[in-house]
Amino acid sequence: MSRRLLRVRTLAVAALFLLILWFYFPFARDTGSESGRLAQYMNRASPRIKPLKSTIDWAAINFQFPVARTPAVPPVKPHTRLPHIQHAFDRESPDDAIKRNLRRDEVRKTFKKSWASYRQYAWMKDVLKPISGTSADQFCGWAATLVDSLDTLWIMGMREEFYEAAKAVARIDFGFSTSGRVNIFETNIRYLGGLLAAYDLSGHEALKFKAIEIGNLLYGGFNTENHMPVDFIDFETAKTGQGLEVEDYVVSASPGTLTMEFTRLSQITGDPKWYAAVAEVMEVFRDTQNTTLLPGMWPMFVSMRRKDMASNYQFSIGGNADSLFEYLPKQYQLLGGAEPKYMWMSRTFMDTAKKNLFFRPMTPDNADILLSGNIDVLDDGPHLDPESEHLSCFIGGLYALGGRLFENEDYIETGARLTRGCIWAYHAMPTGVMPERYNVIKCESRLNCKWDEAKWKEEIQQKKQYKDHLPKGFTTAKDPRYILRPEAIESVFVLYRITGRREFQDAAWEMFQAVRDVTSTQFAAAAIKDVTVPKDKVEREDYMESFWLAETLKYFYLVFSPPDLISLDEYVLNTEAHPFKRAR
Ligand SMILES: *[C@@H]1O[C@H](CO)[C@@H](O)[C@H](O)[C@H]1NC(C)=O
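Residues numbered from 1 in each chain as written. Predicted model: local features only at pLDDT ≥ 70, side-chain atom pairs only at ≥ 80, totals over all residues. Heavy atoms only, no water.

(A) Representation of the overall build of the chain within the structure. Within the chain one finds 19 helices and 16 strands. For the chain, whose C-alpha radius of gyration is 24 Å, the value lies close to the compact-globule estimate of 25 Å for 584 residues. For the chain, the spread of C-alpha atoms along the principal axes amounts to about 100 × 60 × 50 Å. When each of the 584 residues of the chain is scored for burial, the buried share is 60%. For the chain, the share of sequence-separated contacts (at least 6 apart) that also reach a separation of at least 24 residues comes to 73%. Of the side chains in the chain, 73 bear a positive and 75 a negative charge, and the two mean positions are spaced by 7 Å. (Helix = DSSP H or I, 4+ residues; strand = E, 2+ residues; numbered from the N terminus. Rg over C-alpha atoms; globule rule 2.2 N^0.38 Å. Buried < 20%, exposed > 50% of the residue type's maximum accessible area, 1.4 Å probe, protein only. Contact = heavy atoms within 4.5 Å. Lys, Arg positive; Asp, Glu negative; His and termini not counted. Charge placed at Lys NZ, Arg CZ, Asp CG, Glu CD.)

(B) Representation of the UniProt feature "binding site: Ca(2+)" (unreviewed entry) in the chain within the structure. Here the UniProt-annotated "binding site: Ca(2+)" (unreviewed entry) positions come out as T575. The buried category is assigned to T575, whose relative accessible area is 16%. Discounting residues that sit within four places of it in the chain, T575 has contacts with I189, T257, S323, E326, Y327 and E551. A polar side-chain atom of T575 sits 2.8 Å from a polar atom in the side chain of E326. (UniProt positions renumbered as here; feature names shortened; annotations may be inferred. Polar contact = N/O pair within 3.5 Å; in protein donor to acceptor, adjacent residues only side chain to side chain.)

(C) Up close: the site of the ligand. Taken together, R286, N290 and T348 make up the full set of residues near the ligand. Note that an oxygen atom of the ligand is positioned 2.5 Å from one of the side-chain N or O atoms of N290. (Near = heavy atom within 4 Å.)

(D) Spatial organisation of the sheet that holds strand β7 (residues 314-315). Taken in spatial order, the 3 strands make up an open sheet running β7-β10-β11, and their pairing is antiparallel. Sheet topology places β7 and β11 (381-385) at the edges, where each strand pairs with a single neighbour. Two strands pair when backbone bridges link them, and β7 and strand β10 (residues 374-378) are joined in this way by 2 bridges, in the antiparallel orientation. Counterpart to F315 in the pairing with β10 is I375. (Pairing = 2+ DSSP bridges.)

(E) Fine view of the packing of helix α15 (residues 409-428) against helix α18 (residues 502-519). At their nearest, the axes of α15 and α18 sit 11 Å apart, and the two run at 30° to each other. With respect to α18, the axis of α15 lies roughly parallel. Two packed elements cross with a definite hand, and for α15 against α18 that hand is left-handed. Across the interface between the two elements, A416, T419, R420, I423, Y426 and H427 of α15 pack against E503, F504, A507, E510, M511 and V515 of α18. For the contact of α15 with α18, the class distribution of residues is 7 nonpolar, 2 polar and 3 charged. (Axes fitted to C-alpha atoms, helices over the stretch in contact; angles between N-to-C directions. Parallel < 35°, antiparallel > 145°, perpendicular 65-115°, else oblique. Left-handed = near helix turned anticlockwise from the far one by under 90°. Nonpolar A, V, L, I, M, F, W, Y, C, P; charged D, E, K, R; others polar.)

(F) Main features of the sheet that holds strand β13 (residues 437-440). The sheet built from 3 strands is open, its strands ordered β12-β13-β14 with antiparallel pairing. Edge positions in the sheet fall to β12 (387-389) and β14 (474-479), since each has one partner strand and no second. Ignoring which end each strand starts from, the neighbouring axes of this sheet average 25° apart. Inspection of the sheet shows β12 paired to β13 by 3 bridges, in the antiparallel sense. Residue S388 lies in a different strand from β13, and its bridge partner there is Y438.

(G) Region of interest: the packing of aromatic side chains. The tally for this structure, following the rule as stated, stands at 30 aromatic pairs. Centre to centre, the rings of Y399 and Y411 are 5.7 Å apart; their planes meet at 80°, and the pair counts as edge-to-face. Pair noted here: Y399 is in helix α14 (residues 395-405) and Y411 is in helix α15, with a separation of 12 residues, a long-range link. The exposure class assigned to Y399 is buried, which follows from its relative accessible area of 0%. Classification of Y411 by relative accessible area gives buried; the value is 2%. Centroid distance W509 to F512: 5.8 Å. Interplanar angle 20°. Geometry classified as stacked. Residue W509 and its partner F512 are located together in helix α18, separated by 3 residues, close to a single helical turn. You'll find W509 and F512 in the same group, each marked buried. Grouped by ring-pair contacts, the aromatic residues W58, W142, F174, Y191 and F235 constitute a single cluster. Over the face of the ring belonging to F232 we find R181, whose NZ or CZ atom lies 4.0 Å from the ring centre. It is K273 that lies over the ring of Y219; its NZ or CZ is 4.7 Å from the centre. (Phe/Tyr/Trp six-rings, centres within 6.5 Å; stacked < 30°, edge-to-face > 60°. Lys NZ or Arg CZ within 6 Å of the ring centre and 35° of its normal.)

(H) Here's a closer look at the UniProt feature "active site" (unreviewed entry) in the chain. With numbering matched to this structure, UniProt assigns "active site" (unreviewed entry) to E186, D322, E436 and E487. Within the secondary structure, E186 is located in helix α6 (residues 184-202). Since its relative accessible area comes to 15%, E186 is described here as buried. Contact partners of E186, with chain neighbours within four places excluded, come to F139 and Y191. Every residue in contact with D322, bar those within four places of it in the chain, is listed here: A253, I317, L391 and F394.

Here it is as structure tokens:
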């Protein structure tokens, strides 16, 4: 071989090598923002991640009941341009920046401790047990905490850890499950949501590849006679393509919380099948919205088998129903306003909930706050039970978001009062953390309310629960645990980004210190058994849900970050705090 030929070959090989590099380098999608700058900087050093195919090709299963309809994702039109969501923040003073960064570092330190223990003691398992330093599988054994934490690692700038985790995620086998039943709701919000957000932030194709795999597995849940989704996928049956049977009554959040993830998957792949499947489900919800026992809202239990939304009489925006409502304004935003149906459904439920579910509790300082209760519709009409729960604390943030999207100041103020309700419940407890579920006394009027100690004492005598040490205002702490939940800080974060009011950042700092101090274990953070006892008497449980890293610490971190990091004008967060790029 001549020298000349050798040189040509070398050049050709080098060119090929450069071409390959070029293709595998993910591009920074959001230039200009802090996350965008970080992405650009880091992508220069980003490694190649090669996905490993799962042992089952879920896309190749022949369905007994294939879906024929395929409405595509509607395109964004110029006249549907959405209003600004975030507050126009002023330039920050150097002192404020120092204080904020110190707080943010404390949050990252707490995250790093939990992450390091997960990595050491529970790697590739669903959860870390934070007291014993052992692990467990809870959601089919696909490394739930790992997938759920990917985008938090990215957002916190922990790139080495991110790439280590992303490489591990690229090797997960969705063809094998530690459980015979796949919970559609949890798999969708944690696994599919986690992968989509990690892809949206980092641009790594391997993450999209894995999102498509799990998306195809979940799509198998629609292989049913009436094209409505099941609650649980039977893993072995789903492999055969034999049709699944839709359960009778399920919690309404289950079929109602697929829209965002399925829509985002259709957006990034260009394959409309996922969007088409959930569009059909949402048609059923739309057609029944005004025909339920509390017109404008759907009850906690619905039958997708019989498309019956009108039999159950229990209504709440808390557990069982929560994210069904959450996903209506968010789906509208994700689609860039291109599907007005979601705006009308949102406004209808928001007006109904505001009128019927929200109430002012009687507190010793006559605080002007709101909480969300439960409604039972009986023969003589709706009855409000002034019982609230941590899960319903997301609603303040959702009203603020809806207020911006639909240009309604009243929704924003309602959202602020609801958020202050949750802040009050944190602050009132000796631990500084609110309980899972509790009761209070409802004021007759939302406009003014006077503390009546005799009335409170009478009520706690009647309820006979924890009456010796309950803070004034509470009549029970029905479920006194705190299990590392995010909903309160979620609303505090959203209210801060939307109103720019410092009160929310300061409340977040109080909440963070309280939560960190009472949950901290040798390895990570643990659920606590009773928030109504003094701090030094707190008992912990060997239990750390993946949402501690996916949501709770992410929101605490973001509230102390520059407002362009995961701007609510660029991203919509799913119910597991995974940010999706919105259409524009
Ligand atoms: C339900 O009622 C509300 C309020 O009257 C109305 O705005 C909305 O369009 C109705 N929804 C449907 C699907 O008819």
